[in-house]
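Residue-level structural notes
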Amino acid sequence: MNVIIRKMTAADVPAVSAIDRMSFTLPWPESAFHYEVTDNRMARCFVGETDERQIVAAVVSWVIIDELHVATIATHPDFRRRGIGKRILTEALQDGYKAGARRAFLEVRESNEAAQEMYRKFGFEATGRRPKYYKDNGEDAILMTLEPLEMK
Ligand SMILES: CC(C)(COP(=O)(O)OP(=O)(O)OC[C@H]1O[C@@H](n2cnc3c(N)ncnc32)[C@H](O)[C@@H]1OP(=O)(O)O)[C@@H](O)C(=O)NCCC(=O)NCCS
């Protein structure tokens, strides 16, 4: 199976939102993805698409001057552990670098070992904690930082 990473378009939003709902206990409203793709000039959004044109992963990041924030990233549950998460995050970081970002940040649930493991592979380090950040269960967020952000 071949997966390409490309820019997200408004037409991708229903599929992206479906992956989001399968991946998170607090999914974004579909309209939020639509806003990111069509209106938010800071947002940089990518999808992974199979050769059968199925959307299997998505990432939304925001670049604000020299900082990149990974707002959300997910791979369809049926397509995990095939390297797609690493590829789409690589795209987001490289694209952010080209746009001027030199540091990257994200928040991740304390219990989300899979995602933290992926981020550590990129050099992200835990640099802070946001107590009771997640409204569903009061879980803390771990703030992870990658600095300097470099082109690989
Ligand atoms: C985190 C997520 C995006 C990873 O996507 P993926 O396509 O499975 O990622 P990859 O196959 O590229 O794996 C990258 C690395 O992450 C780590 N990883 C991924 N899933 C893991 C798991 N279940 N357990 C432990 N480590 C895991 C591994 O280090 C892996 O590298 P390896 O396969 O070489 O060992 C995916 O698990 C997901 O969508 N989770 C739900 C949404 C989510 O939690 N997003 C992050 C919010 S901060």
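Predicted model, so just to flag it, every value in this text is computed and none were measured.

The secondary structure content of the protein amounts to four helices and seven strands. Seen in sequence order, the protein has helices and strands lined up from the N terminus as β-α-α-β-β-β-α-β-α-β-β. A compact globule built from 152 residues would reach a C-alpha radius of gyration of about 15 Å, and the protein, at 15 Å, matches this within 12%. Here the protein holds 152 residues, and the buried ones make up 45% of them. By sequence separation, contacts in the protein at least 24 residues apart represent 60% of the contacts at least 6 residues apart. By element, 50% of the accessible surface of the protein is carried by carbon and sulfur atoms, the whole surface being about 8400 Å².

Moving on, we get to the side chain of Asn-40. Following the sequence through the fold, Asn-40 ends up in the loop between α2 (30-38) and β2 (43-50). In this view, Asn-40 contacts Tyr-35 and Trp-62; residues no more than four positions away in its chain are not counted.

Within this model, the largest pocket holds a volume of roughly 1200 Å³. Of all the elements in the fold, those that place two or more residues in the lining of the largest pocket are α1 (13-23), β4 (67-75), α3 (84-98), β5 (103-109) and α4 (113-121). Among the elements that line the lining of the largest pocket, the one with the most residues is β4, at seven residues.

Below, the discussion takes up α1. Within α1, burial applies to Val-13, Val-16, Ser-17, Ile-19 and Asp-20. Down the axis of α1, the buried side of the element spans an arc of 160°, and every buried residue falls inside it. Here the buried face of α1 lies against α2, β2, β3 (55-64) and β4.

The rules behind the values
Residue numbers here run from 1 along each chain, matching the order of that chain's written sequence. Reporting in this predicted model follows two pLDDT cut-offs: at least 70 for local features of residues, and 80 or more for side-chain atom pairs to be given and counted; totals over whole chains, interfaces and linings ignore these cut-offs and use all residues. Just so you know, side-chain values use all the structure's heavy atoms and leave hydrogens and water out. Segments assigned H or I by DSSP are reported as helices when at least four residues long, segments assigned E as strands when at least two residues long, and all are numbered from the N terminus. Each radius of gyration reported is based on C-alpha atoms, and the globular scaling rule is 2.2 Å times the count of residues to the power 0.38. Only protein chains enter the area calculation, which uses a 1.4 Å probe; residues under 20% of their type maximum are buried, those over 50% are exposed, and those in between are partly exposed. Only heavy atoms matter for contacts: two residues are in contact if any of them lie within 4.5 Å across the pair. The accessible surface values rely on the Shrake-Rupley method and a 1.4 Å probe; as for residues, cover is taken only from the protein chains in view. Computed over the protein atoms alone on a 1 Å grid, cavities are sets of points where a 1.4 Å probe fits but cannot get out and pockets are open sets with protein on both sides within 12 Å along at least five of seven lines; a residue lines them when it has an atom within 4 Å of a point. Grid points are joined across faces, edges and corners, and a volume is the space filled by probe spheres set on the points. This arc describes the spread of directions from the helix axis toward the C-beta atoms.

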